[in-house]
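What follows is the residue order along each chain.
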Amino acid sequence: MRLLLLGPNGQLGTDIRAAAETRGGIELLPLGRERLDLTAVERIPKVLGGTDFDVLVNCTGYHRTDEAEDHADLAFAVNAFAVRALAEACAARGAHFLHVSTDYVFGGLDRATPYTEADGIGPLNVYGASKATGEALALKTHADTLVLRVASLFGVAGASGKGGNFVETMLRVGRETGHLRVVDDVRMSPTSTADIAGRILDLLEARAPGGVYHAVNAGDATWYEFARAIIETARVPATVEPCTSADYPTKAARPPYSALNAGKLTAATAPLPHWRDALERYLRAKGHTG
Ligand SMILES: NC(=O)c1ccc[n+]([C@@H]2O[C@H](COP(=O)([O-])OP(=O)(O)OC[C@H]3O[C@@H](n4cnc5c(N)ncnc54)[C@H](OP(=O)(O)O)[C@@H]3O)[C@@H](O)[C@H]2O)c1
């Protein structure tokens, strides 16, 4: 498999590179922003037309959720129109396309059970709307497209687009201040990029049929519950206090509930571990536990 990887140095991209190295049969071709900036949508056919690959994995994203509210042009360029051009390039050469999307395509209002792929979307913010458009354009353009909705990622590289991840932020603030206040009225699916990276390769190796797949660790949590697990597992001497999202107003509205059901993915590959298990492995890998 000649796998062309966009976003190779991001949080998820880094773990896909690591996972590919440990498997045989995958020639991974990293294609970073320095060689293809997706805001230059018109360059995509030329750059991809001159590259030999049979699978394209797109881990890029403009996902600064609050900033995107004032930069809809940029969000739609990277998250939607570039994605359509990538799908067109894959269709032109008969390549598989795997595109990474988000739980923020859902609205989460009056919701209490994990979303399946059959549920209707309803993004609440510009970022979610741009990713939802990217999904639709990719699926419409190229039937051999797999859209993978991931959520609340943590991986050893940290999100380059966000300057770290939630786990590292909680550890740093907990150590610095000894006290954390974290929202307890937003429920989501904490997810390890290391675990998702493995499943992405599984799906591609299985030549899974096109369509949408939810890719998250088992279990769900509020951000408060997740923060408590981080602080307790890493044995940081800090207290964690629950608060509401009204205590931390943000520019972009966020879904109060966006847990995902990954049953379709696990049926196609294998069950995903619980996020607590993934968190323990992450903290060990980063040297945060003994
Ligand atoms: N992080 C989360 O919690 C989360 C949650 C749900 C969904 N997602 C989605 O999951 C995917 C991966 O997220 P992540 O956490 O791995 O993000 P990340 O660490 O910020 O990585 C994003 C990658 O996209 C690249 N990129 C951004 N703008 C680009 C552009 N204009 N041209 C070319 N490359 C560009 C970045 O390149 P540079 O390294 O050069 O900046 C980086 O390699 C994204 O599609 C994101 O929308 C993330």
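Presented here is a report on the structure given in the accompanying data block. (Residues numbered from 1 in each chain as written. Predicted model: local features only at pLDDT ≥ 70, side-chain atom pairs only at ≥ 80, totals over all residues.)

A short note on the environment of Ala218
Looking at the element boundaries, Ala218 is found in the loop between strand E10 (211-214) and strand E11 (221-222). C-alpha separation for the pair Ala218 and Ala278, spaced 60 residues apart in sequence, amounts to 9.5 Å. (Helix = DSSP H or I, 4+ residues; strand = E, 2+ residues; numbered from the N terminus.)

Things to note about the sheet that holds strand E4 (residues 96-102)
As summarised here, the arrangement of the 6 strands in space is E2-E1-E3-E4-E5-E10, forming an open sheet in which the pairing is parallel. Either end of the sheet is taken by a strand with one partner, and the two such strands are strand E2 (27-31) and E10. Averaged over all adjacent pairs, the angle separating strand axes in this sheet is 20°, with direction ignored. Here 4 bridges tie strand E5 (residues 145-150) to E10, and the two strands are oriented parallel to one another. For Leu148, the partnering residue across the bridge sits in E10 and is Tyr213. Strand contacts of helix H1 (residues 11-22): strand E1 (2-6), E2, strand E3 (55-58) and E4, with the helix running at about 160° to E1, the strand carrying the most contacts. Packed on one face of the sheet, helix H5 (residues 126-141) meets E4 and E5 and runs near 160° to E4. (Pairing = 2+ DSSP bridges. Axes fitted to C-alpha atoms, helices over the stretch in contact; angles between N-to-C directions. Contact = placed C-beta atoms within 7 Å.)

Concerning the packing of helix H4 (residues 72-93) against H5
Between two packed helices, what matters for the description is the angle formed by their axes and the separation of those axes. Where H4 meets H5, the axes come as close as 8 Å, and the angle between the chain directions of the two elements is 15°. Comparing their axes, H5 and H4 come out roughly parallel. Crossing geometry of H4 relative to H5 is assigned as right-handed. The residues of H5 that touch H4, namely those facing Ala72, Ala75, Phe76, Asn79, Ala80, Val83, Arg84, Ala87, Glu88 and Ala91, are Val126, Tyr127, Ser130, Lys131, Thr133, Gly134, Leu137, Ala138 and Thr141. In terms of residue class, the contact of H4 with H5 is built from 11 nonpolar, 5 polar and 3 charged. (Parallel < 35°, antiparallel > 145°, perpendicular 65-115°, else oblique. Left-handed = near helix turned anticlockwise from the far one by under 90°. Nonpolar A, V, L, I, M, F, W, Y, C, P; charged D, E, K, R; others polar.)

Overview of unusual backbone geometry
Positive phi is not limited to glycine here, since Asp110 has a value of about 55°. Within the fold, Asp110 resides in the loop between E4 and H5. Backbone geometry places Ser152, a non-glycine residue, at a positive phi of 40°. Structurally, Ser152 can be placed in the loop between E5 and strand E6 (153-154). Residue classification places Ser152 among the buried positions, given that 24 C-beta atoms sit within 10 Å. (Buried ≥ 20, exposed ≤ 12 C-beta atoms within 10 Å, placed from the backbone.)

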